Amino acid sequence: MTASAAGEGERLLQGLLADMHASTPGGLPALVNAYGERLGMRRVQIRLVDLQQKQLTLLASESRMPVDGSPAGSTYRSRALRLETGEDGCLVVWLPLVDGAERLGVVGIEVESLDSTLLARCGALAAVLSMAITSKRAVSDRFVQQARTDTMTLPSEMLRAVLPPRTIGEARAISTAVLEPAYELGGDAFDHSLGDSVLHAVILDAMGHNLSSGLTTAIAMAGCRSARRAGSGLRELVGTVDEALAEWLPEQFCTGIVMRLDLPGGVLSWVNCGHPPPLLIRDDQVLKDALAFPGEPPMGTPGALTALSRTVHQARLQPGDRVILYTDGVTEARSPGGPQFGLAGFTTSIIRATAAGELAAEALRQLMHSLLQRQDGRLDDDATILMIEWRGPH
């Protein structure tokens, strides 16, 4: 490939990026294919994952592929490049679409043949597409509709609107979460945020399973974020939520854990407000009661009744440690007429996936699907799992 040809490829990618800003979500596939043809690609297919991470749907189409059991799905699960031979003998290059650590879907690029220059262009195209999808899904319903296979209830719609991406992370740590039922949430939610040297995480479980539950969780989430962004410590953060719920929804409360991980040193700090204690997995084993301390009243409990000051607990992690937060809908899930899944059931599932080399986000995806299978695809209560993995200071 000559220098002038390589320069032409860069110019085309720059043009594509500029034109994407003026493109509608529905017009994205035609725009990408027009540029892809000039870049030496036969066809480009953009597939986004659905809300439950079961299917990869072709953008602006109803064509779906399973996440489990397809080359495209293999790329999604592992975030690794995959090649397959198309029906007419061409090559199909599957690449992940990612926003930071968040998996959005995959892109399939058909080519006659593949060399290092064209492969680099495929990678650049995937990166450009990821940025465009991330930008446009914040202001368009098209991508939201693309990710859904059912109608969402009003409480669930409200909670989904305030949830962050499922996965965030950087070199030192990653935080990832899953939440079901996808379309009928009651009061479960999670939040996580990255700073320069700290990772914040929250898990919430409001009493009940109705619109009031969703409002309780939404107010608690807003209180956590407001206090965090004002630079408050964990104790003050919980106090903000307590006061907000006591003022606006005095009959409601929610359990939860607010957590802060120091990224350089691995020091984990947290406050537990009436919630199941965090679990610590180290060297593929659950360290029993490593993070278990006496519980405290739920958020929103009037201070006059408790007369307690919130306690901040601390523990120092080791590189490779995984901390798991969960709601009781996880451990109480059961097969019809069978035993509950329990702590042992879901920790064994995570450890097995970890030992098999699965990404943290993929381990949780598989675990949630196994929970759904136990209950014939329908949970009796919200089930949320958030996992933090600390990889070390560097």
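For the structure itself, look to the data block above.
Residues numbered from 1 in each chain as written. Predicted model: local features only at pLDDT ≥ 70, side-chain atom pairs only at ≥ 80, totals over all residues. Heavy atoms only, no water.

Time to look at the overall build of the protein. Summing up its helical and strand segments, the protein has 12 helices and 17 strands in all. The C-alpha radius of gyration of the protein comes to 23 Å, within 12% of the 21 Å expected for a compact globule of 394 residues. Dimensions of the protein along its principal axes, counting C-alpha atoms only, are 75 × 45 × 40 Å. Expressed as a percentage of its 394 residues, the buried residues of the protein come to 52%. (Helix = DSSP H or I, 4+ residues; strand = E, 2+ residues; numbered from the N terminus. Rg over C-alpha atoms; globule rule 2.2 N^0.38 Å. Buried < 20%, exposed > 50% of the residue type's maximum accessible area, 1.4 Å probe, protein only.)

When a strand is regular, its side chains alternate between the sheet's two faces. Where strand S4 (residues 82–85) lies against strand S5 (residues 91–99), four bridges are found, and the strand directions are antiparallel. In the strand pairing of S5, Arg82 is matched with Trp94. Following S4, the chain reverses through five residues before pairing antiparallel with S5; Gly89 in that reversal takes a positive phi of roughly 90°. (Pairing = 2+ DSSP bridges.)

Take helix H11 (residues 342–355) next. Three- or four-residue spacings in an α-helix give side chains the same orientation, since the helix completes a turn every 3.6 residues. Here H11 contains 14 residues, and its C-alpha end-to-end distance of 20 Å stays within 8% of the 20 Å for a straight helix at 1.5 Å per residue. Within H11, the full set of buried residues consists of Gly342, Phe346, Thr347, Ser349, Ile350, Ile351 and Ala353. Looking at the packing, one finds that the buried side of H11 touches strand S13 (279–282), strand S14 (285–286), strand S16 (322–326), helix H10 (328–331), helix H12 (360–374) and strand S17 (383–390). Where H11 ends, the next residue or the one after it, Gly357, has phi of about 85°, a positive value. (Expected span 1.5 Å × (residues − 1). Contact = heavy atoms within 4.5 Å.)

Now for the sheet that holds S13. Strand order in this open sheet of six strands is S7-S8-S17-S16-S13-S14, and the pairing throughout is antiparallel. Unpaired on one side and paired on the other, strand S7 (167–169) and S14 mark the two borders of the sheet. Strand contacts of H12: S7, strand S8 (173–180), S16 and S17, with the helix running at about 20° to S8, the strand carrying the most contacts. (Axes fitted to C-alpha atoms, helices over the stretch in contact; angles between N-to-C directions.)

To continue, consider the nonpolar core. Nonpolar side chains tend toward joint burial in soluble globular proteins. Residues Val258, Met259, Leu261, Leu268 and Met299 are the most contacted members of the largest nonpolar core, which totals 43 residues. Of the residues forming this core, the biggest block, six residues, is contributed by strand S10 (residues 198–206). Apart from the residues lying within four places of it in its own chain, the contact partners of Leu268 are Met259, Arg260, Leu261, Leu291, His313, Gln314, Ala315, Leu317 and Val323. One finds Leu13, Leu31, Val44 and Ile133 within the second-largest nonpolar core, a separate group that totals 30 residues. (Core = buried A, V, L, I, M, F, W, Y, C linked by side-chain atoms within 4.5 Å.)

Cis rather than trans, the peptide bond between Glu180 and Pro181 has omega equal to 5°. Inspection of the secondary structure assignment puts Pro181 in the loop between S8 and strand S9 (188–194). One non-glycine residue, Asp284, lies in positive phi territory at about 60°. Structurally, Asp284 can be placed in the loop between S13 and S14. The exposure class assigned to Asp284 is partly exposed, which follows from its relative accessible area of 38%.

It is worth spelling out the environment of Leu237 at this point. Summarising the element assignment, Leu237 is placed in helix H8 (residues 234–248). Here Leu237 falls in the buried class, since its relative accessible area comes to 6%. Sequence spacing of Leu237 and Ser156 is 81 residues, and the spatial spacing of their C-alpha atoms is 25 Å. Residues in contact with Leu237, not counting those within four places in the same chain, are Cys224, Ala227, Arg228, Ser232 and Val258.

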